[in-house]
Structures are given as structure tokens and as C-alpha cells.
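Fold and contact review
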Amino acid sequence: MAAAASFSVVYVFVVVISILGSSTYAQLSKNFYSKSCPKVFSTIESVVESAVSKEPRMGASLVRLFFHDCFVNGCDGSILLDDTSSFKGEKTAGPNNNSVRGFEVVDAIKAKVEKACPGVVSCADIVAIAARDSVVKLGGPDWDVKLGRRDSKTASLAAANSGVIPPPTASLSQLINRFQAKGLSAKDMVALSGAHTIGKARCVLFRNRIYNETNIDSSFAKLRQRTCPRTSGSGDNNLAPLDVKTPNSFDQEYYKNLLNKEGLLHSDQVLYNGGSTDSLVKTYSSNEKKFYSDFVTAMIKMGDITPLTGSNGEIRKNCRRPN
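Residues numbered from 1 in each chain as written. Predicted model: local features only at pLDDT ≥ 70, side-chain atom pairs only at ≥ 80, totals over all residues. Heavy atoms only, no water.

In the annotation of an unreviewed UniProt entry, the entry for the protein chain reads Peroxidase, and the organism field reads Hibiscus sabdariffa. The protein chain has a UniProt comment under Catalytic activity (unreviewed entry) that states "2 a phenolic donor + H2O2 = 2 a phenolic radical donor + 2 H2O". (UniProt positions renumbered as here; feature names shortened; annotations may be inferred.)

Below is the structure:
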């Protein structure tokens, strides 16, 4: 009996130590590549800077790539994988198809990084750093990106289609719930939505809002209707800026637009529509420093969603396919 008891105590102790060990082991670090690839940041920054200078919208696309990667099975670079004979990837999923972009920029970064440090830097970490560099390039805040993620060996169309990524038609409660499911608070969600201060959306995603919703400024609705016809199938891919005032600057104008009922997507305007997040929108609209601080906190938290670390996953040689 005593032997059995002492065995169980030892067993529990070993289990606890192994759990503690694995969680410490799995922690990401700002200095992960300081010895193995000291030029990683300057190498990535040069490619992002060039791409965003050519097309400012690319900055928004690279931020979105990070969001859509992290929300489906964690920040593991799975969104970058092309379909193979053994799996159908995430690129053609509803939230991503004809929508997520920036893959060629990631390819260009990977090629340069591989020349500098072959087989060291993961595609998942490249996506995280490129998102930060995009925000900075467009005038937003800077932060230290935690690193050490490894790349998945597979991707899942079903997971990307499962509803984990909130659609532009989402209600406030749906947005809060879907972010909370990933360990992100309502405050994180409102701050991350501020990334819509840059980028563009397709007519098909905001048509219903500009023709049928009432919590919209009438002159703003008319402006958007000029390039987004009422008829479904007509002009579906015509683009409009998510931030009508400063579409290529990362600032707090997005929140000011919401106060003026000039949110482009339904899921934008629900953040300021008599609900629980109204006060945060007001705060961010008048306090850019607070917005930046909360946005950075939320981006770091999002980057912590179930990464592959240690011996899990791999370091892909080509971001589009497993090794």
C-alpha cells in the first residue's frame, strides 16, 4: 500500500514536472534568432518595405494573413500551404478564397531569409514579423515580436471553414465569442478590429450594409453605392477602403468613422451601435496612444495562439509545401 502510495506521489510529481517543463519549453521568445539568424529582422523588413511602398494595401493583407493563420489551428503557417494530394489547404476556404493575399511577398521573404540562414526561420514566424513590419511601415506602433514558432506539416480546409474566423456579417456577440474562443478578450477584439484603419474590402462583403442597413451615414452610403451596384453579381469585386478618411495610414480614424456611422462592414459598425463596446470605441477614437498600446498587447496575445514549438512541426524550406 505504502509502495503504491509513494509510486503515485512520484508519478504525479513527474507528470507535474513534465507539464511545467513542456509549457516553459513551449514559450516563444523575442530573442529566438539572435544567434542563429541575427539578420532576420532587417532581411524581412527590406522585403515588406518594398512591397508596401509599391502597394500600401499589401500592408493590410499581411496583417490579415497573420490573423487568418492564427485563428485556424494556431499560428503555424498552415494558411500558406497549397493543396496537395493528401490534404486540401485553407486558401480556398470561404473566409480566404479570392480574399487573403500576400503569399508572393512571403515567398520573396522566405527566399531571402533562406539565403541568409538556411533552414532556421519558420514561415509562421515570417508571417508574424511581416505583420508587425507592415503596421510600422504604414505609421503604426512598433513592438518586439515573440518568435520560435514552427511550421505545420498539413492544413485543413474544414477547420478554416468551421466558423472560427468571424465573417463580415458577424454580430457583436458573435465577434466577442469567436475571439474569446481563442483566448482574446472583447477589448482585444475591438483593438484588433482597428487594423481596419488600413486595407480594402470587396463590394460583395458590404453591399447589404450600404443598401439595407439604417445605422449608416447617408452620404457615406451614397459614396460607396457609386462603385458597388445593388445587383448581386455586378461589381462584386470592386474595392473600397475600410477607412474612408486615411486609408493608407495606421491611425485611430477607423474609430472616428464608427462614431460617424461610417463603418464599411456590418462587423465594423456593430462595435459602435449601442452595445457593450461603445465606450472602448469612443476611447480609441480620442486616444491614439491607448489604441496603439492595446493593439500591440492584442497582437502579441494573438501570436501566442497554440504555436508549434520544440520538436513539433518543422521549418519549411518552401512556405507553400511541407518538406
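Here we look at the overall build of the protein chain
A count of helical and extended segments in the protein chain gives 14 helices and two strands. Taking 2.2 N^0.38 as the reference for a compact globule, 323 residues should give roughly 20 Å; the C-alpha atoms of the protein chain span a radius of gyration of 21 Å, in line with that estimate. Taken along the three principal axes of its C-alpha coordinates, the protein chain extends 75 × 50 × 40 Å. Looking at the 323 residues of the protein chain, the share that counts as buried comes to 48%. In the protein chain, the proportion of contacts linking residues at least 24 apart, taken out of those at least 6 apart, comes to 75%. When the accessible surface of the protein chain is totalled, it reaches about 14800 Å², and 55% of it is carbon and sulfur. Within the protein chain, the 30 negative side-chain charges are centred at a point lying 1 Å from the centre of the 40 positive side-chain charges. (Helix = DSSP H or I, 4+ residues; strand = E, 2+ residues; numbered from the N terminus. Rg over C-alpha atoms; globule rule 2.2 N^0.38 Å. Buried < 20%, exposed > 50% of the residue type's maximum accessible area, 1.4 Å probe, protein only. Contact = heavy atoms within 4.5 Å. Areas by Shrake-Rupley, 256 points an atom, 1.4 Å probe, with all protein chains shown as cover. Lys, Arg positive; Asp, Glu negative; His and termini not counted. Charge placed at Lys NZ, Arg CZ, Asp CG, Glu CD.)

Quick notes on helix α8 (residues 186-193)
Across the eight residues that make up α8, a large majority, six, are buried. Those residues of α8 that sit buried are D188, M189, V190, A191, L192 and S193. Looking at the buried residues of α8, the elements they touch are α7 (172-180), α11 (253-259), α13 (278-286) and α14 (288-303).

Quick word on the nonpolar core
Core analysis: the largest hydrophobic core is formed by 75 residues, its most contacted members being F66, L80, I109, L271, F295, M299 and M302. The residues contacting F66, other than those within four sequence positions of it, are C75, V127, A128, A131, M299, M302 and G303. Membership of the second largest hydrophobic core comes to 13 residues, among which are C203, I216, F220 and L242. (Core = buried A, V, L, I, M, F, W, Y, C linked by side-chain atoms within 4.5 Å.)

Some points on the pattern of salt bridges
Under the counting rule described, the total for this entry stands at 16 salt bridges. The salt bridge involving K301 is made with D188; its shortest N-O contact spans 2.6 Å. Taken together, the positions of K301 in helix α14 and D188 in helix α8 put the pair 113 residues apart, joining distant regions of the chain. On the basis of relative accessible area, D188 is assigned to the buried category, the value being 4%. K290 is the salt-bridge partner of D294, the closest N and O atoms lying 3.3 Å from each other. In this pair, D294 and K290 both sit in helix α14, four residues apart, roughly one turn of the helix. Through salt bridges with shared partners, one network takes in D82, K91, D107 and R320. (Salt bridge = Lys/Arg side-chain N within 4 Å of Asp/Glu carboxyl O.)

Digging into the side chain of S99
Inspection of the secondary structure puts S99 in the loop between α3 (57-70) and α4 (103-116). Engagement of the side chain of S99 in a polar contact is seen with the side chain of R64, the distance being 2.8 Å. S99 has contacts with R64 and R202, leaving out every residue within four places of it along the chain. (Polar contact = N/O pair within 3.5 Å; in protein donor to acceptor, adjacent residues only side chain to side chain.)

Topic: unusual backbone geometry
A positive phi angle is found at N98, which is not glycine, with a value near 55°. Within the secondary structure layout, N98 lies in the loop between α3 and α4. Look at N98 and you get exposed, because its relative accessible area is 63%.

Notes on the UniProt feature "domain: Plant heme peroxidase family profile" (unreviewed entry) in the protein chain
Feature annotation in UniProt places "domain: Plant heme peroxidase family profile" (unreviewed entry) on residues 27-323, given in this structure's numbering. End C-alpha atoms of residues 27-323 are separated by 24 Å, and the span's content is 45% helix alongside 2% strand.

Topic: the environment of M58
Inspection of the secondary structure puts M58 in helix α3. On a C-alpha basis, the gap between M58 and I198 in space is 9.5 Å, while along the polypeptide they are 140 residues apart. Apart from the residues within four sequence positions on either side, M58 is in contact with A51, V52, R101, G102 and V105.

Re α7
Listed in full, the buried residues belonging to α7 are L172, L175, I176 and F179. Each buried residue of α7 lies within a common arc of 95° when the element is viewed along its axis, so the set occupies one face. (Arc of directions from axis to C-beta.)

Details of the packing of helix α2 (residues 40-54) against α4
Their axes nearest at 9 Å, the elements α2 and α4 cross at an angle of 150°. Considered as vectors, α2 and α4 are oriented roughly antiparallel to each other. Where α2 crosses over α4, the handedness of that crossing is right-handed. Of the residues in α4, those touching α2 at T43, I44, S46, V47, V48 and A51 are V105, A108, I109, K112 and V113. (Axes fitted to C-alpha atoms, helices over the stretch in contact; angles between N-to-C directions. Parallel < 35°, antiparallel > 145°, perpendicular 65-115°, else oblique. Left-handed = near helix turned anticlockwise from the far one by under 90°.)

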